[in-house]
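# Observations on the model geometry
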Amino acid sequence: MNSLVLQFTNYVSGRMSRKDYWLFAIGMAVLAMIINSIGASRDKNPALDILPYYFCVTVLFIVMSARRLHDTNNNGWLALLHVIPCLGPLLLFFYMIQAGDVGENQYGPDPYDVIDQDI
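Residues numbered from 1 in each chain as written. Predicted model: local features only at pLDDT ≥ 70, side-chain atom pairs only at ≥ 80, totals over all residues. Heavy atoms only, no water.

### Quick look at the overall build of the protein chain
For the protein chain, the helix and strand inventory stands at 5 helices and 0 strands. Helices and strands in the protein chain line up, N terminus first, as α-α-α-α-α. Taking all 119 residues of the protein chain together, the buried fraction comes to 31%. Sequence separation of at least 24 residues holds for 67% of the intrachain contacts in the protein chain that already meet a minimum separation of 6. Accessible area of the protein chain: about 8100 Å², with a carbon and sulfur share of 68%. (Helix = DSSP H or I, 4+ residues; strand = E, 2+ residues; numbered from the N terminus. Buried < 20%, exposed > 50% of the residue type's maximum accessible area, 1.4 Å probe, protein only. Contact = heavy atoms within 4.5 Å. Areas by Shrake-Rupley, 256 points an atom, 1.4 Å probe, with all protein chains shown as cover.)

Now the structure itself:
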């Protein structure tokens, strides 16, 4: 059990750049449209088909939002605002469009510095 918690903690820790976050968000939105169109073309209730997908996407968005919040030197627990209808995602939107901290902060190195070091 400790191993599972440690792996999840490693996945949530660190920082994510604005570009990476918004590419992830756009990719998930496109995938949602594709799944919705496939589900709508079937005769039975499409909501039951896509419910597991939406659960997984919600968990992924919370994790990725926590990493994005780390880039702006904010606590990752703010990502739980996703579960508050209407107001939560609107508040998070303003955090997600902020520029990240330049250089290292308490959550790790600057994502852009890591990219430059790899080249």
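The structure having been displayed, the exposition proceeds.
### Details of the packing of aromatic side chains
Within the structure shown, the criterion is met by 5 aromatic pairs. Measuring from centroid to centroid gives 6.4 Å for Tyr 21 and Phe 61, while their planes differ by 75 degrees, and the two rings are edge-to-face. Here the residue Tyr 21 occupies a position in helix α2 (residues 18–40), and Phe 61 occupies one in helix α3 (residues 46–71), the gap between them amounting to 40 residues. Comparing Tyr 21 with Phe 61 shows no difference in burial state: the two are buried. Their ring planes at 70 degrees and their centres at 5.9 Å tell us that Trp 22 and Phe 93 sit as a pair that is edge-to-face. Placement of Trp 22 in helix α2 and of Phe 93 in helix α4 (residues 87–96) is noted, with a sequence separation of 71 residues between them. By relative accessible area, which is 29% here, Trp 22 ends up partly exposed. Among the aromatic residues, those joined into a ring-pair cluster are Tyr 21, Trp 22, Phe 24, Phe 61, Phe 93 and Phe 94. (Phe/Tyr/Trp six-rings, centres within 6.5 Å; stacked < 30°, edge-to-face > 60°.)

### Observations regarding the environment of Asn 73
Tracing the chain through its elements places Asn 73 in the loop between α3 and α4. C-alpha separation for the pair Asn 73 and Glu 104, spaced 31 residues apart in sequence, amounts to 9.7 Å.

### Quick look at the side chain of Asp 71
For Asp 71, the location among the structural elements is in helix α3. Using a relative accessible area of 2% as the deciding quantity, one classes Asp 71 as buried. Looking at Asp 71, its side chain comes within polar contact range of the side chain of Arg 68, at 2.6 Å. Asp 71 has contacts with Arg 15, Met 16, Ser 17, Gly 100, Asp 101, Asn 105 and Pro 111, leaving out every residue within four places of it along the chain. (Polar contact = N/O pair within 3.5 Å; in protein donor to acceptor, adjacent residues only side chain to side chain.)

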